[in-house]
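A look at the structure
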Amino acid sequence: HVSELAEWSCQLVREIVKKRGDKERWKTTFDGFYLTRGFHSNNSSATLHDYESGGIAWYTHRTKRGAGHNWKGTSGGSEGDMFNELMEKVKLAGFNIAEVV
């Protein structure tokens with residue numbers, strides 16, 4: 001249920017952006033972070049935030065071990081991979097990014 005709640009929360013932020021009229025020229029911030037600092041981290045996550053509200057509009061996660069593992073590279077490499085995934089999600093939702101701050 002946690003993923004459903006997270007997606008519901010992100011959808012609310014995206015709706016706010018649309019109602020504000022910023023879907024075509026959206027200003028966002030990106031944050032990539034790790035459960036443990038350093039190249040040896042087994043888990044990393046990334047978020048795209050609406051610059052004006054600070055709300056999270058999209059998120060993703062990478063893990064190198066355990067059930068559901070979805071990454072084999074370094075933790076630093078996962079950050080770029082997650083950024084690309086989030087950009088694809090934005091594009092598929094019909095948003096156009098004006099600026100990543």
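Everything below is about the structure printed above this text.
All of the points below concern the structure found in this document. A quick note: this is a predicted structure, and the numbers were derived from the prediction, not measured. (Residues numbered from 1 in each chain as written. Predicted model: local features only at pLDDT ≥ 70, side-chain atom pairs only at ≥ 80, totals over all residues. Heavy atoms only, no water.)

Our focus in this paragraph is the pattern of salt bridges. The full count for this structure, using the stated rule, is nine salt bridges. Between Lys18 and Glu15 there is a salt bridge, with its nearest N and O atoms 3.3 Å apart. Of this pair, Lys18 and Glu15 both sit in helix α1 (residues 2-20), three residues apart, which is roughly one turn of that helix. Note that Arg20 and Glu52 form a salt bridge whose closest N and O atoms lie 3.6 Å from each other. Of this pair, Arg20 sits in helix α1 while Glu52 sits in the loop between β2 (43-50) and β3 (56-63), and the two are 32 residues apart along the sequence. (Salt bridge = Lys/Arg side-chain N within 4 Å of Asp/Glu carboxyl O. Helix = DSSP H or I, 4+ residues; strand = E, 2+ residues; numbered from the N terminus.)

Once that is clear, we can look at the pairing of β2. The buried fraction of β2 amounts to seven of the eight residues, a majority that puts the element mostly inside the structure. Where strand β1 (residues 26-34) and β2 come together, seven bridges link them in antiparallel fashion. Directly across from Phe30, in β2, lies its bridge partner Leu48. Between β2 and β3, which pair antiparallel in sequence order, lie five residues; one of them, Gly54, sits at a positive phi of approximately 85°. (Buried < 20%, exposed > 50% of the residue type's maximum accessible area, 1.4 Å probe, protein only. Pairing = 2+ DSSP bridges.)

Spatial relationships are all this shows, so hold off on functional conclusions.
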